[in-house]
Amino acid sequence: MAAAVAIWGGWVRLGELTGFGPINLLPGIGSGLTVNTAVVLPLSVEFYSAYALRVLLASNQLATRTRTFARHTFTASLVVGGGAQVASHVMEAAGTATAPWPVTTVVACVPLLVLGLASGLAKRSRLRHWSERTTRNLHAPAQPMKTREQALAGHT
């Protein structure tokens, strides 16, 4: 639990240093619904990391390419998470009020990258199930087509 709190705090601090923060979700419509977007970073990266690890550990029936994708993206998410923690703590220790633009650029792309990786991994994880079902249907013996009357007779 302590590690989760530290990770969450580092990501939120980094998000705030890079311009993430409270926004009005309904501008022009209502002003009471605000969300601190800095929580998007720990939610996206850490949840993706857990998702990729789950796929990797439960992948005995998945294709080698899917396992490789899960392994590589899980490792990348750990590296990105570690880099974010280091950047957050270094900038905090240096008293930085705003992250340098290269850090802001990378951090701003994180939610989009995570969305793409999660979509790709979800698609890859389902491909085997889909292809097995399709292959099974293709090799099933052909059923004679019913006439309209036969089909309607079965529903009365």
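Residues numbered from 1 in each chain as written. Predicted model: local features only at pLDDT ≥ 70, side-chain atom pairs only at ≥ 80, totals over all residues. Heavy atoms only, no water.

Here's the deal with the overall build of the protein chain
Inference 1: Secondary structure summary: the protein chain contains five helices and two strands in total.
Inference 2: Mapped in sequence order, the helices and strands of the protein chain form the string α-β-β-α-α-α-α.
Inference 3: Across the 156 residues in the protein chain, those meeting the buried criterion constitute 24%.
Inference 4: Taking as baseline every contact in the protein chain between residues at least 6 positions apart, the subset at least 24 positions apart corresponds to 68%.
Inference 5: Carbon and sulfur atoms provide 67% of the accessible area of the protein chain, an area that totals close to 10700 Å². (Helix = DSSP H or I, 4+ residues; strand = E, 2+ residues; numbered from the N terminus. Buried < 20%, exposed > 50% of the residue type's maximum accessible area, 1.4 Å probe, protein only. Contact = heavy atoms within 4.5 Å. Areas by Shrake-Rupley, 256 points an atom, 1.4 Å probe, with all protein chains shown as cover.)

Notes on the packing of helix α2 (residues 40-57) against helix α3 (residues 64-93)
Each pair of packed helices can be summarised by the angle the axes make with each other and by the distance between the axes.
Inference 1: Here α2 crosses α3 at 150°, and the two axes come no closer than 8 Å. Considered as vectors, α2 and α3 are oriented roughly antiparallel to each other. The interaxial crossing formed by α2 with α3 has left-handed handedness. Every residue of α3 that contacts α2 at Val45, Glu46, Tyr48, Ser49, Ala52, Leu53, Val55 and Leu56 is listed here: Arg67, Phe69, Ala70, Arg71, Thr73, Phe74, Ser77, Leu78 and Gly81.
Inference 2: In terms of residue class, the contact of α2 with α3 is built from ten nonpolar, four polar and three charged. (Axes fitted to C-alpha atoms, helices over the stretch in contact; angles between N-to-C directions. Parallel < 35°, antiparallel > 145°, perpendicular 65-115°, else oblique. Left-handed = near helix turned anticlockwise from the far one by under 90°. Nonpolar A, V, L, I, M, F, W, Y, C, P; charged D, E, K, R; others polar.)

Looking at a nonpolar patch on the surface
Inference 1: Side chains of Ile23, Leu25, Leu26, Ile29, Leu33 and Val35 sit close together on the surface and give an oily, nonpolar patch of about 520 Å² of accessible area.
Inference 2: Structurally, the position occupied by Ile23 is in strand β1 (residues 22-24). (Patch = residues over 30% accessible without salt bridge, like charges linked within 9 Å, V, L, I, M, F, W, Y side chains within 5 Å. Salt bridge = Lys/Arg side-chain N within 4 Å of Asp/Glu carboxyl O.)

Some remarks on the pattern of salt bridges
Inference 1: Evaluation of the coordinates by the stated rule reveals one salt bridge.
Inference 2: Here Glu92 makes a salt bridge to Arg13, at a shortest N to O gap of 3.9 Å. On the criterion of sequence distance, the pair formed by Glu92 in helix α3 and Arg13 in helix α1 (residues 2-17) is long-range, its members being 79 residues apart.
Inference 3: On the basis of relative accessibility, which here comes to 23%, the residue Arg13 falls in the partly exposed class.

Quick look at the nonpolar core
Inference 1: If you look at the biggest cluster of nonpolar residues, it comprises 22 residues, and the most contacted ones within it are Trp11, Leu14, Leu41 and Leu121.
Inference 2: When contributions to this core are tallied by element, the ones reaching two or more residues are α1, α2, α3 and α4 (101-139).
Inference 3: When residues of this core are assigned to their parent elements, the largest contribution, six residues, is made by α2.
Inference 4: Beyond its immediate stretch of four places on either side in the chain, Leu121 contacts Tyr48, Tyr51, Ala52, Val55, Thr66, Phe69 and Ala70. (Core = buried A, V, L, I, M, F, W, Y, C linked by side-chain atoms within 4.5 Å.)

Quick look at the environment of Ala108
Inference 1: As for its position among the elements, Ala108 is in helix α4.
Inference 2: Relative accessible area serves as the criterion here: at 46%, Ala108 is assigned to the partly exposed category.

Some thoughts on α3
Inference 1: The end-to-end C-alpha distance of α3 is 43 Å, a good match for the 44 Å that 30 residues give at a rise of 1.5 Å each.
Inference 2: Those residues of α3 lying buried are Thr66, Ala70, Thr73, Phe74, Ser77, Gly81, Ala84, Gln85, Ser88 and Met91.
Inference 3: Gly95, located one to two residues past α3, shows a positive phi value of around 70°. (Expected span 1.5 Å × (residues − 1).)

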